[in-house]
Amino acid sequence: MINSKLPKIWYGGDYNPEQWEQEIWREDERMFKLAGIDVATINVFSWALNQPSEHDYDFAWLDEQMDRLHQSGTYVCLATSTGAHPAWMARQYPDVRRVDKNGHKRQFGGRHNSCPNSPTYRKYSAAIAGKLAERYKDHPALLIWHVSNEYGGMCYCENCAAEFRVWLQKKYGTLEALNKAWNTRFWGHTFYDWEEIVPPSDLSEEWGHNRTNFQGISLDYRRFMSNSILDCYRLEYDAIKQHTPDIPVTTNLMGFYPELDYFEWAKYLDVVSWDNYPSLDTPVSFTAMTHDLMRGLKSGKPFMLMEQTPSQQNWQPYNSLKRPGVMRLWSYQAVARGADTVLFFQLRRSVGACEKYHGAVIEHVGHENTRVFRECAELGRELQQLGDTLLDARSQAKVGIVYDWENSWATDLTSGPSVALDYVKEVHKFYHALFDLNIQTDMIGVEEDFSKYDLVIAPVMYMVKAGFADKVERFTEAGGTFVTTFFSGIVNENDIVTLGGYPGELRKVLGIWAEEIDALFPDQRNEIVMKGQWGGLKGSYECGLLCDLVHAEGAEVLAEYGQDFYRGMPVLTRNKFGKGQAYYVASSPDESFMKGFLANLCEEAGIQPLLAAPEGVETAERSKDGRSFLFVLNHNAEDSELELGGNKFKELLSDAELAGTTTIPGRGVLILERL
Amino acid sequence: MINSKLPKIWYGGDYNPEQWEQEIWREDERMFKLAGIDVATINVFSWALNQPSEHDYDFAWLDEQMDRLHQSGTYVCLATSTGAHPAWMARQYPDVRRVDKNGHKRQFGGRHNSCPNSPTYRKYSAAIAGKLAERYKDHPALLIWHVSNEYGGMCYCENCAAEFRVWLQKKYGTLEALNKAWNTRFWGHTFYDWEEIVPPSDLSEEWGHNRTNFQGISLDYRRFMSNSILDCYRLEYDAIKQHTPDIPVTTNLMGFYPELDYFEWAKYLDVVSWDNYPSLDTPVSFTAMTHDLMRGLKSGKPFMLMEQTPSQQNWQPYNSLKRPGVMRLWSYQAVARGADTVLFFQLRRSVGACEKYHGAVIEHVGHENTRVFRECAELGRELQQLGDTLLDARSQAKVGIVYDWENSWATDLTSGPSVALDYVKEVHKFYHALFDLNIQTDMIGVEEDFSKYDLVIAPVMYMVKAGFADKVERFTEAGGTFVTTFFSGIVNENDIVTLGGYPGELRKVLGIWAEEIDALFPDQRNEIVMKGQWGGLKGSYECGLLCDLVHAEGAEVLAEYGQDFYRGMPVLTRNKFGKGQAYYVASSPDESFMKGFLANLCEEAGIQPLLAAPEGVETAERSKDGRSFLFVLNHNAEDSELELGGNKFKELLSDAELAGTTTIPGRGVLILERL
Amino acid sequence: MINSKLPKIWYGGDYNPEQWEQEIWREDERMFKLAGIDVATINVFSWALNQPSEHDYDFAWLDEQMDRLHQSGTYVCLATSTGAHPAWMARQYPDVRRVDKNGHKRQFGGRHNSCPNSPTYRKYSAAIAGKLAERYKDHPALLIWHVSNEYGGMCYCENCAAEFRVWLQKKYGTLEALNKAWNTRFWGHTFYDWEEIVPPSDLSEEWGHNRTNFQGISLDYRRFMSNSILDCYRLEYDAIKQHTPDIPVTTNLMGFYPELDYFEWAKYLDVVSWDNYPSLDTPVSFTAMTHDLMRGLKSGKPFMLMEQTPSQQNWQPYNSLKRPGVMRLWSYQAVARGADTVLFFQLRRSVGACEKYHGAVIEHVGHENTRVFRECAELGRELQQLGDTLLDARSQAKVGIVYDWENSWATDLTSGPSVALDYVKEVHKFYHALFDLNIQTDMIGVEEDFSKYDLVIAPVMYMVKAGFADKVERFTEAGGTFVTTFFSGIVNENDIVTLGGYPGELRKVLGIWAEEIDALFPDQRNEIVMKGQWGGLKGSYECGLLCDLVHAEGAEVLAEYGQDFYRGMPVLTRNKFGKGQAYYVASSPDESFMKGFLANLCEEAGIQPLLAAPEGVETAERSKDGRSFLFVLNHNAEDSELELGGNKFKELLSDAELAGTTTIPGRGVLILERL
């Protein structure tokens, strides 16, 4: 349980009483109660208020809010207010302001605006976190710490450059090692002095979006930046823990946010929390995958849904309203996949600045007679009713899909063979097929223990870091099924090619050699022609993007290309390895192949679907203390018929007993406890 | 009359004799005469010639030109030459050079290049204007002053930053007031010292095109810039008026140019003038609307058409020729809508630099035997023949459409609900329907006297400034018909939301509450379903962009949404208010609805079309001393049949008497005086 | 012969042994031998290795490589290593780093990164070239010098600005002359002091891609930059020639690379060499045209194919593999059009940095059992077999197409009439028609001797420099056929319009006057209506882009416009002039017209096709010492039937005798010697 003070699914969200007059606070209290809201995240952006000048701190307003919220029965997720620095600091200490990729020194403005290597920022952000912790350590409303806000971005200032050099010295020891790791003899870039190294910006090695001349320095700068920002988080974390060692600390992550290696970050979070803002065309399976990834950051521990909008967003091009029922449906989707909180941005809409058209529980009209408020209040009632039943329940998956941030950087930064290669998209193709098949899946990092799984899939495992290939071999040898694809095993952690034939270190376990890689135009397709029937797969399917020209070296050829000069070469292979087997998918297949392929893999591995749910109906399961809770989420606007098989269930929201066939209403939710 | 020295429609345009040798001047004189040209705008870009170094002035060349033009019978529109600073000034006084949104200090080059808060620019631009006025105050050729040229653009230099702070102190008095107006507690942006405030550039609060974190500061910076540039104009204006208090002064505006608040500017122009450069796909109704806006800047006073091209432009992607007759047709369109001059850019094409492929009365070939020259000469003859008949005639409209520059900034800067919202486009939808219906319309500012009108339309009146709602209520109460749309009444002049329910201060007069605002994708549509028949409106129509979810609170519901979860909610309402009524259009309708809707409104208000003209034939009327002149402009390439009803007319260009049915040739023009 | 040391078509390419360990060198030697590789280009990017600090030089590694390659039978194309400066130099001497168009000082990174006016760069690049020449002047492996690499780009630093002013003073003498040449009275840009002039960057006169306010300064800056970079080349050239006066020196050009005037450069190259990287959608006729242009740079002398990829590229969006046979086919295309070398980038793929996915003779797998290596080895065998047969053979063309870099700058920089005008594309239209007709064609500069040709075509000859019109008149008078198009003869070398009627100085020879120029939208078309039949031309054809409104003044009208208000005006004219005739094509015709038009021109001029080859089969001929070699290249994937007419040939690659009808395999090559 995140904090046993509040043993239920926390409900509430971001709240900025400092933007409002006292009479509004009274209304807030009344309406929070109406809506069943019990947690408010406060102090997210109040640094300027808390520290009006370098040597002054003033927490009187915060004292008042903490007390007031406590008195009205609301717990506090207390932020440290360092998500944006004060204007006075920007003026007085220019080092807090970032320098962008084009070398422009930023002026005061925006948020996520502090240089992570600014001595001023590091000093004062840690200082205020410590002061807050000291002040509120015994406050009864305090539930959890929320450090800063949505960390991210890059800086290219002189401080960052200097720290980068220190970081590189620590990592490589000698310039010889660095020159080798970055292959600097290419284009005569040999460094003879650490001071010659400058960050890879649009003024040096990079241009456009993730284009670089030297992948080595660009990868290292991303690592360095992710680490530098993590250091800022850790400085606050440590300052807090000195005073409140037992209160959990988190910071809100952003799903597949590309610039921070969240697996590394998660080691320093007491609980993972994240902000879920699906774009308007985001498939529900993508949101599900992201929840699973957030759960995977700490090997399956429950996480917090820190932010979502109750109705609409403001920063999309077209901010359509969440249709009736969708907010509730997506809230339960989070819970189904491991969230133990349902929190909104925001509880009350602000009157000015850029987020005033972002949805809120309390809209500008100010009263409770709105569709949005009614839906929020209804959900609040349900969450109260659920109590602690679901808290800390875990998912049990036998399939793991590997995701690796460093691999995402490497595939983005690579020059050739195709700009259309999108690592996350290829990962999602596999996830989506499993989602459609109602197979419970974990999203895991490269350091995860594979032995928990029967099937491990590592799409586009381009960068194979030290030890990974061994691990795959051991997993497969022991009876596991391993799957990877085209453009895998190519480079090591420095983006240096593993010589001797692709897929490099994975070649042995896969039993193949990929001689060449053809890149297809967006409108080009090749064919996957099955050699006979395999489960539901037979005949031919389309594929595209990249086509590895593969030679089987011991592997069995399950399918061949149907087109072009490499027609007849293998496109799908299976290699027996020890007690297990390793599959290679040499091109990027279309959806129909994927579904058949993964159905076969699961069937071979004896992995069962959670339910035979109709199209558009999502399933996910959490279990705890021998009880198991099957979530059924109808993403269709219309009712769907559900076949429950021979099982008997209690539906937790209605307390009804269900068996046989039942109807789930459009955008409806069932939480079925197996009886 | 602009200047009674020349009591006819002025004819001529921009002229740069300083780029040519003496023998060419003789040719110019001969050809001006052939073409009936009587006005030349000179000295527009001659600052470097007039002031070759800081302390030297040399007007000898200009003396010669003034005298020469006078002797050859051409009057002068005398520019002050400050539209581009001299190279020596840019080098000697870097403060005259602007800093762009990305913080780049500009080098010498281009035009519209002077920082409006440069002490050097202000000093020397006013100085040269004064010197010119003193020198030519009694020159017989002098007709009007033309200050600078096409003012515009933005600057972000240190001088501007400092002056912005002064401007803010004057406006807000205290930082408390400013912090409140900008809602700076959002994201912790509280200012404790005026010096902490920096202009909202791409290095601080803004990015891309009109994206901002803080609407308050971004709005104020646009106001400040418009004012700063206006101050530059006014410094020249004042310097001139010291010497020639009775000679009118203007500067050439640019229609809907977004960055300057022309209603504010117009207060300081003796006569409005503007440059008409329709893009290749500009609807003729858009040009008409722009003429009407320029006329509206000074409440209906005639204006000057300062520039248009006789044939083609050079800065469009594809610069097609004006087809035969089009230059004449569009010239009369200007006159029909209030212009008392027809001036070209340019009289003679230059031989070098970026405007040499811009059309001119005298082309590079240099003689009069060209299609373009012949058309110009023909028009020159007609304008001479018209004499002073039309001068100072006024339009009589009973419909006013409100346009407000600050509202255009606010709708551009807003974050959400839809990037597709284009204020000018929504305004044009209403104008276009009236144009098609041949209803004479005024384009008016928010400060205009509404009592002149029977129908006032304020589309997307997002920003409702102090006093506006009262004014609307008084107008409606007294029997007027008021119309507004979705996304109106939302914020005050600081972009702070009016709490308590949209459309805020307009809620009472409209008798509705808009609970939510849905944003539609570009390919999404909803339906306007009429509740029964109303005039020509019945059945259903398409709408899109935004859909307000409206509750009628006293208003009558004329139509409902036909789709989506808000099907059945009001989309068109009418509220009786005093003796009048107020309409609310909750979404953006397609054209067919608009035409029917405005026909109904006009019929109810007893507003008559000027004529029942066929498709593609424009009508507009000016009246003077009891005489009324109806312009009929055939924008079709083919002849059109015209039904004149029971009226009898004299056609001014042919002197023919017309009645019953007549034919107007393709691209032809009739000026019909009612008999 | 480029260098008689190696009297055959050189075969090999770029090679970077400094990136590899010694055991790899042994493998390289073995595999070079297998592939018939006899030339390696080394030291291209080794400046940092050769000069590890300002005062240290270390050529030990290079000594070893030179000796080793020599011992293993490989000759060396020795680069000077100055294509990218060392990191220490960038840090120690900031002047070597460029400033970009936005005024950003570059940091260390990339290649082509040195400011051409940097004193440091000039000093040390010449120094190292000299040192290399001195050291290796007598080395038996040394075959040719390769100065720097793919020169290009622009710099806008203070050193460039200062040198630009010096360059301008030398060119114009006085500011009066400069002000006149640039027409600076436009927009009041008169310069009174040389120091007032700043480079035309995005901070001064230019914006976006090739948009400028002043064509004069922008043209001169391009000339200055091309010259400045050429000066850098020449400094190295001179330093080399002091030691090795008899060894040829080149630098690798890039076809139609826009920023350097290669006709000017070619004067200082002992042999032209270039890098051929067709984009994925490049027509084969475009590659052929580029080869012909490279040959034309030195009036027909053979050139070097310095770089091409054996398989795929890395920097295209989608890097598809060269299909089997295509590398060989395109290699022979180069030879057919004048190349005496076939060199690759690269011999061995590097393991890291941005070109590791660029194809190479030796792939990452490292052994010879690859498709790519097998194809390379097969070609190596053929080239050995061909020996010196083709070396120094010349093309004999009676058609010359004029291409001029300054004209390309001028047409790019012009403002109006159409952004769609693409000079190279218009040139290619003519070339493509001749290519399809199997007419041997030369690409020539404006300084070429026209008397060699029967037909000279100068498409879009917008800029007519001093003497050109005279030359055209003399050529035509003497019996030649001259062809030009719309938008020709408009300006002089300073982009100043030739007054008195378009096409200016070409008006007399063409016998026409172009009164106006209409620009068409991309989807608009007009018609070319033939007046009767002329050869294969009759009826009507489509045209677009620009339409000159032409009056015949002595010229015969062969075709008229079929549409719009200028229907019936001439669109194709022929003017008898002396013994010859001059054609004017007033719009841009579609392909079918072009083919018929050029067939007629060739027939009238008695110019014969090389062969009646089927669609997709390219022909080209080289002759030498009375022998003539006809290349037949089948770009189709399928076999084609070839009609050899009455001739008898020996096919050089197979030694077969051919006559009558023969089959050329898909992607096959025949080299036919006439018997």
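This is a predicted model, so every value here is computed, not measured.

Residues and elements named next belong to chain A. Considered domain by domain, chain A is made up of domain 1 (10-152 + 247-386), domain 2 (399-605) and domain 3 (617-674). One C-alpha centre belongs to domain 1, the other to domain 2, and the line joining them spans 38 Å. Of the roughly 1,700 Å² buried between domain 1 and domain 2 on both sides combined, carbon and sulfur atoms contribute 61%. The closest approach of N and O atoms between D442 and R295, which form a salt bridge, is 2.8 Å. Where domain 1 packs against domain 2, one counts 11 residue pairs in polar contact (both at pLDDT 80 or more). Mapped onto the side of domain 1 that touches domain 2, the elements with two or more residues apiece are α9 (262-266) and α10 (284-296). Looking at the side of domain 1 that touches domain 2 element by element, the count peaks at nine residues for α10. Residues of the side of domain 1 that touches domain 2, tallied by class, amount to 13 nonpolar, four polar and six charged.

The next subject is the packing of aromatic side chains. According to the stated counting rule, one finds 126 aromatic pairs over all chains in the structure shown. Summarising the aromatic geometry, the rings of F108 of chain A and F191 of chain B are spaced 5.9 Å apart at their centres and angled 80° between planes, so their arrangement reads as edge-to-face. Linking F108 of chain A in the loop between α4 (87-92) and α5 (119-136) with F191 of chain B in the loop between α7 (175-181) and β5 (206-207), this pair reaches from one chain into another. F108 of chain A sits in the buried class, given a relative accessible area of 5%. Summarising the aromatic geometry, the rings of Y15 of chain C and F32 of chain C are spaced 5.0 Å apart at their centres and angled 75° between planes, so their arrangement reads as edge-to-face. Of this pair, Y15 of chain C sits in the loop between β1 (10-14) and α1 (22-35) while F32 of chain C sits in helix α1, and the two are 17 residues apart along the sequence.

Let us look at the UniProt feature "binding site: Zn(2+)" (unreviewed entry) in chain A. Residues and elements named next belong to chain A. According to UniProt, the positions carrying the feature "binding site: Zn(2+)" (unreviewed entry) are C115, C155, C157 and C160. The greatest C-alpha distance among the annotated residues, which extend across 46 residues, is 7.9 Å, indicating that they converge on a single site. If you trace the backbone, C115 turns up in the loop between α4 and α5. The residues contacting C115, other than those within four sequence positions of it, are D95, V96, R97, R98, Y121, C155, C157 and C160. Note on placement: C160 falls in helix α6 (residues 158-172). Discounting residues that sit within four places of it in the chain, C160 has contacts with C115, P116, N117, C155, Y221, F224 and M225.

Quick look at the interface of chain B and chain A now. Taken together, the contacts link 54 residues of chain B with 49 residues of chain A. Between chain B and chain A the total buried area reaches about 4,600 Å² when both faces are included, carbon and sulfur atoms providing 57% of it. Area buried by chain B at its contact with chain A is led by R185, W187 and L203 of chain B, which between them contribute 16% of it. With a shortest N-O distance of 2.4 Å, K356 of chain A and D495 of chain B are connected by a salt bridge. Linking chain B with chain A are 30 residue pairs in polar contact (both at pLDDT 80 or more), by the criterion used here. With six residues, the top contributor of residues to the side of chain B that touches chain A is strand β16 (residues 512-519) of chain B. Looking at the side of chain B that touches chain A residue by residue, the class counts come to 27 nonpolar, 16 polar and 11 charged.

In this section: the sheet that holds β1 of chain C. Residues and elements named next belong to chain C. As summarised here, the arrangement of the nine strands in space is β7-β4-β3-β2-β1-β11-β10-β9-β8, forming an open sheet in which the pairing is parallel. Looking at the sheet topology across the chains shown, the edges are occupied by β7 (249-250) and β8 (252-253). Packing of helix α3 (residues 60-71) onto the sheet brings it into contact with β2 (39-42), β3 (75-79) and β4 (142-146), and relative to β2 it is tilted by some 175°. Relative to strand β10 (residues 303-307), helix α10 (residues 284-296) is tilted by about 125°, and along the sheet it contacts β8, β9 (273-275) and β10.

What follows concerns the interface of chain C and chain B. Across the contact, 54 residues belong to chain C and 49 residues belong to chain B. Note on chain C versus chain B: buried area summed over both sides is about 4,600 Å², and carbon and sulfur give 57% of it. Interface area lost by chain C to chain B is led by R185, W187 and L203 of chain C, which between them contribute 16%. Counting across the interface, chain C meets chain B through five salt bridges. Note that E516 of chain C is salt-bridged to R371 of chain B, the shortest N-O span being 2.8 Å. Summed over the shared surface of chain C and chain B, the number is 30 residue pairs in polar contact (both at pLDDT 80 or more). Of the residues contributing to the side of chain C that touches chain B, the split by class is 27 nonpolar, 16 polar and 11 charged.

What counts, and where the lines are drawn
- Residues numbered from 1 in each chain as written.
- Chains lettered and ligands numbered in written order.
- Predicted model: local features only at pLDDT ≥ 70, side-chain atom pairs only at ≥ 80, totals over all residues.
- Heavy atoms only, no water.
- Domains from an automatic or database assignment.
- Buried area = accessible area lost by both parts, 1.4 Å probe.
- Salt bridge = Lys/Arg side-chain N within 4 Å of Asp/Glu carboxyl O.
- Polar contact = N/O pair within 3.5 Å; in protein donor to acceptor, adjacent residues only side chain to side chain.
- Helix = DSSP H or I, 4+ residues; strand = E, 2+ residues; numbered from the N terminus.
- Nonpolar A, V, L, I, M, F, W, Y, C, P; charged D, E, K, R; others polar.
- Phe/Tyr/Trp six-rings, centres within 6.5 Å; stacked < 30°, edge-to-face > 60°.
- Buried < 20%, exposed > 50% of the residue type's maximum accessible area, 1.4 Å probe, protein only.
- UniProt positions renumbered as here; feature names shortened; annotations may be inferred.
- Contact = heavy atoms within 4.5 Å.
- Pairing = 2+ DSSP bridges.
- Axes fitted to C-alpha atoms, helices over the stretch in contact; angles between N-to-C directions.

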